[in-house]
Amino acid sequence: MARIFVSYSRKNIDFCKRLTDELQKRDLDFWVDWEGIPPTVDWLKEIEKGVEEADTFLAIVSTDWISSRNCIIELEYAVKNGKRLIPVVSPEP
């Protein structure tokens with residue numbers, strides 16, 4: 001099974017949940033940050049760990065994702081680590 005890191009804008013959380021429900025139905029292992037990273041944890045280190053452990057970086061691309069500095073940081077780290085990139089276009093709200 002491929003391990004998938006799911007990158008999304010919080011404004012697209014409903015679509016992200018629908019997509020990850022489908023991944024789960026297919027027994028695909030994925031990492032997604034639903035609740036936010038606790039304030040006592042280094043956010044960037046948690047993201048880096050999630051990306052490093054994944055084989056694939058799946059980006060739920062939307063206007064909000066593109067304008068999110070955090071999402072772009074995730075993407076840059078995935079590219080730096082040679083991850084396979086899969087863009088999925090989110091329906092705009």
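See the structure above.
Residues numbered from 1 in each chain as written. Predicted model: local features only at pLDDT ≥ 70, side-chain atom pairs only at ≥ 80, totals over all residues. Heavy atoms only, no water.

1. With respect to the sheet that holds strand E1 (residues 3–7)
One open sheet accounts for four strands, arranged E2-E1-E3-E4; its pairing is parallel. Because the sheet does not close on itself, it has two edges, and the strands there are strand E2 (29–31) and strand E4 (84–89). Within the sheet, the average angular offset between the axes of one strand and its neighbour, ignoring direction, is 30°. Across three bridges, E1 lies against E2 in parallel orientation. (Pairing = 2+ DSSP bridges. Helix = DSSP H or I, 4+ residues; strand = E, 2+ residues; numbered from the N terminus. Axes fitted to C-alpha atoms, helices over the stretch in contact; angles between N-to-C directions.)

2. Re the packing of helix H2 (residues 43–53) against helix H4 (residues 69–80)
Between H2 and H4, whose axes approach to 10 Å, the crossing angle comes to 45°. With respect to each other, H2 and H4 are oriented oblique. Taken as a pair, H2 and H4 cross one another with a handedness that is right-handed. Facing H2, whose interface residues are Trp 43, Leu 44, Ile 47, Glu 48, Val 51 and Glu 52, H4 presents Asn 70, Ile 73, Glu 74, Tyr 77 and Ala 78. (Parallel < 35°, antiparallel > 145°, perpendicular 65-115°, else oblique. Left-handed = near helix turned anticlockwise from the far one by under 90°. Contact = heavy atoms within 4.5 Å.)

3. Some remarks on the packing of aromatic side chains
Both the distance between ring centres and the angle between the ring planes are used here to describe each pair of aromatic rings. In total, this model carries two aromatic pairs according to the counting rule given. Seen in terms of ring centroids, Phe 5 and Phe 57 are 5.5 Å apart; in terms of plane orientation they differ by 10°. Their pairing is stacked. Linking Phe 5 in strand E1 with Phe 57 in strand E3 (residues 56–61), this pair joins segments that are 52 residues apart in sequence. Like Phe 57, Phe 5 is buried. Taken together through their ring pairs, the aromatic side chains of Phe 5, Trp 31 and Phe 57 make up a single cluster. (Phe/Tyr/Trp six-rings, centres within 6.5 Å; stacked < 30°, edge-to-face > 60°. Buried < 20%, exposed > 50% of the residue type's maximum accessible area, 1.4 Å probe, protein only.)

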